[in-house]
Structures are given as structure tokens and as C-alpha cells.
Amino acid sequence: MKAARILEYKKPLVIEDIPIPDIQPDEVLVKVAACGMCQSDILLVDGFFQTYADIPPPVIPGHEITGTIEKMGNLIPAIAGLAEGDHVAVSPGWGDGVCRHCQAGNHQICPNVRWPGFGTYGGFAEYIPVPARYIIKVPKNLTLTQLAPLTDAGLTPYRAIKKIRDAGGFGPDRVIGVFGVGGLGAYAVQYAKLMSGGGKVVAFARNLDKLAIAKEYGADHIIAIKGKSAADVGKELQQATGQGKLDAIIDTVGATEMMQMGFSLLATSGHYADVGFMGDRIDVPLFPRVSGEQTFHGSFWGNNTDLSEVMALAAQDKIKHTIKTIQFDQINEYIELLRAGEVIGRAVVEY
């Protein structure tokens, strides 16, 4: 099969032919139809994750995967409801199945987790072996290219917004901020409108084209933050919504300066959910967080239940997509474009 692999970190991927992988008795072989490209792929190529885990090359990136079942292991029970030819999405974060997190259904935070696209096999290849319990069957009338980004870009902000909702952070009198309108933020705006109980949704970003997408996808207000202080942004927020603070924030970037701005705009008893880690550090004053009884939610990817809910929303045509389809031999080109912030929405490799 054709695969694009990291043979050396901080170098372009090497496109080469390698053997189609064998599968274990509890696995299926997925013929990849589409794979989204994520900022995490850039961080992986650049060696960011080596600080937190040893991921020795060769590595096949790509974790936003949809496709069809090519082959099934002989220990997959009939109750799984899977068959060759089924259209499927690959759930991220393959847990060991026995730890307390897996037992609670949160396999993506298992201490022994395996990640597709962060090891030997990933979506930047024509086939990938997947444990059957991490396969989500999807209707054949849905477009696999559109579903691929939902396994991360569409899944990750969904879980974060559920956290704020379940903590009581939403309501009809609340103002919700979405920071960053890239691949994740465009979905976050839509979920905030769907799930915030009638709150006002405000999108914040540097790029005007991305803000235009946020407005198209339902943001009540958009605010450009490039070159502006937090005080200036707060004044614009006051003019737009009648209040200069945000009751809830979904941050899809996690850049240090953006987080500083976000926390300075967070209201008393406000909720801040972050899914991005472009900055890798939080550097904010502590006292306002304590005296204002603010809550910070770390939120990481999503579990099978979250992904099934997202796929159900897609099946009901409640999710819009901004997708740029590319071919396999354009992967390195689009890694550079993504690194430069020049991709609007999600680039998706089609096979």
C-alpha cells in the first residue's frame, strides 16, 4: 500500500510503498477513503509530542479517518453488527479496556492508550488495522470525506461544549466565546448555537476570512483580535452584546497570548474549556480565577459516545463543513500550508 511516513522528525514525510498490515482476530482492516489533516499532525512532524511520549519512527500520521471495512478478524462477534463493505469512522484513542477510564467509557484518556496516526499505522496510508470496538458504523448515504474531520475537528469541541453545558455554564442570558475559527472552531461555533440554551455566540479570531465562516455558521457576533489589546476587545464585546465579559469560552487554539486575553475576558463564575495546545503553557494571574470562582476544563478528543452523537448530528444534516479535498501526493505541500495558517476549514486527503 501507499503510505506517507515520518522517517525523521522535522523532515518532510516520505511517500513509499509498504506491505498492507495484517490484522489481529479482534480487528478490522479499514480501507481508508478519507483522512483529515490536523494541526496535531504538524506538531507530530515537528517533534512536539516527543516531550510527552516516545514515538519512534517510522510513524504514519493521520488520525481523522473514515473508510470501508475490507477484512474482519475471526473473533469479532456478530453482535458488533459489522460486515465487510460497511462504511465506518475510526474512533480515536484505543484504550486497554480494563482501566477505570475505559470502564467509564473514556478510552481516549486511558493511561495505556494507542492513537491512530501516532505510531506505526495512521490515516496517511491506504489501509489501517483497527480494533473492532473502536469502529463507528455510519450510514452509506453520508459522504465519507465530510465525516472524516468529524472524528477530531468535529468531535473535540463537541466534548468540550458538553463539559460546559453539563457544568451549568450555558443559558439564554449567557454570552459564549469561541476562540479560533480554524478546523475545530468552525464546528465549535455550530455546537455552541445548538447546545448553549439560547446564549449569544461570539467568535474571536485573527483571520477575517475565517471570521466570515463563523458568521455564516451562526455566530451572533464576530470580533477580529489581530493587533488589539484585551481592553479593546472587551469594548467591542460590550458594544456587540451589552456586556464586556464572557460567561463561557471554548478555546480551540490554546496559544499563550490568546489564553491570556480569554481569561481576562472571563466573567465571574465563568467556564473556560480548552482543546488546543499551540502554546503549551498557561500564564495568567491566579487571584481573579479564585476570587471569581472560575472553572477551567481540559477536554481531550472524545469517546465512542461523543463520536456517535456527532455522527447522528451529521446524519440529521445539522453540521456544515468547510473542506478542501487534496490528493495523496499533496500531503507535504498542505502540511506547509497548514503550518502557515493558510488553510481555511479542513484539508482532507481523498483516496
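Criteria and cut-off values
Residues numbered from 1 in each chain as written. Predicted model: local features only at pLDDT ≥ 70, side-chain atom pairs only at ≥ 80, totals over all residues. Heavy atoms only, no water. Helix = DSSP H or I, 4+ residues; strand = E, 2+ residues; numbered from the N terminus. Rg over C-alpha atoms; globule rule 2.2 N^0.38 Å. Buried < 20%, exposed > 50% of the residue type's maximum accessible area, 1.4 Å probe, protein only. Areas by Shrake-Rupley, 256 points an atom, 1.4 Å probe, with all protein chains shown as cover. Lys, Arg positive; Asp, Glu negative; His and termini not counted. Charge placed at Lys NZ, Arg CZ, Asp CG, Glu CD. Pairing = 2+ DSSP bridges. Axes fitted to C-alpha atoms, helices over the stretch in contact; angles between N-to-C directions. Contact = heavy atoms within 4.5 Å. Parallel < 35°, antiparallel > 145°, perpendicular 65-115°, else oblique. Nonpolar A, V, L, I, M, F, W, Y, C, P; charged D, E, K, R; others polar. Arc of directions from axis to C-beta. Core = buried A, V, L, I, M, F, W, Y, C linked by side-chain atoms within 4.5 Å. 1 Å grid on protein atoms, 1.4 Å probe; cavity = no way out; pocket = protein on both sides within 12 Å on 5 of 7 lines; lining within 4 Å. Points joined across faces, edges and corners; volume = space filled by probe spheres on them.

1. Observations regarding the overall build of the protein
When helices and strands are tallied, the protein shows eleven helices and 15 strands. In terms of C-alpha radius of gyration, the protein reaches 20 Å, essentially the compact-globule figure of 20 Å for 351 residues. When its C-alpha atoms are laid out on the principal axes, the protein stretches across 60 × 45 × 35 Å. Burial status across the protein gives 54% buried among its 351 residues. Accessible surface computed for the protein: about 15,100 Å², of which carbon and sulfur atoms make up 50%. For the protein, the separation between the mean place of its 32 positive charges and that of its 38 negative charges on side chains is 5 Å.

2. Overview of the sheet that holds strand β10 (residues 221-224)
Pairing is parallel in the open sheet, where six strands are placed in the order β10-β9-β8-β11-β12-β13. Looking along the sheet, the strands with just one partner apiece sit at the ends: β10 and β13 (295-298). Here the strands of the sheet are splayed against their neighbours by 20 degrees on average, with no regard to which way each runs. Alignment of strand β12 (residues 266-274) against β13, held across four bridges, turns out to be parallel. Bridge assignment links D274 to a residue of β13, and that residue is G298. Here helix α6 (residues 208-216) sits on the sheet and contacts β9 (200-205) and β10; the angle it forms with β10, its principal contact strand, is near 170 degrees. Relative to the sheet, helix α7 (residues 230-241) contacts β8 (175-179), β9, β10 and β11 (246-251), its axis offset from that of β10 by approximately 165 degrees.

3. Topic: the packing of helix α4 (residues 156-166) against helix α10 (residues 304-315)
Relative to each other, α4 and α10 sit at 105 degrees, their axes nearing to 10 Å. Here α4 is positioned roughly perpendicular relative to α10, judged by the angle of their axes. On the side of α4, the interface is formed by Y158, R159 and K162, while α10 contributes D306, E309, V310 and L313. Classifying every residue of the contact of α4 with α10 by side-chain character gives three nonpolar, no polar and four charged.

4. Some thoughts on α6
Each α-helix winds once per 3.6 residues, and so residues spaced three or four apart point in a common direction. Residues K210, L211, I213 and A214 constitute the buried set of α6. Projected down its long axis, α6 shows its buried positions confined to an angular sector of 155 degrees, all on one face. Set apart from the buried face of α6 by more than 90 degrees, the exposed residues are L208, D209 and E216. Buried residues along α6 sit in contact with α5 (183-195), β9 and β10. Just downstream of α6 lies G218, where phi reads positive at about 115 degrees.

5. Things to note about the nonpolar core
By size, the foremost hydrophobic cluster in this structure holds 93 residues, and its most contacted members are M37, F124, V130, L150, Y191 and I331. Per-element accounting of this core gives the leading share, eight residues, to α5. In this structure, F179, V202, I225 and Y272 belong to the second largest nonpolar core, which totals 17 residues.

6. Looking at the layout of surface pockets
There is about 150 Å³ of room inside the second largest pocket. Lining the second largest pocket we find 13 residues, and of these D274, G276, F277, I282 and F296 sit closest to its centre. Residue composition of the lining of the second largest pocket, by class: six nonpolar, four polar and three charged.

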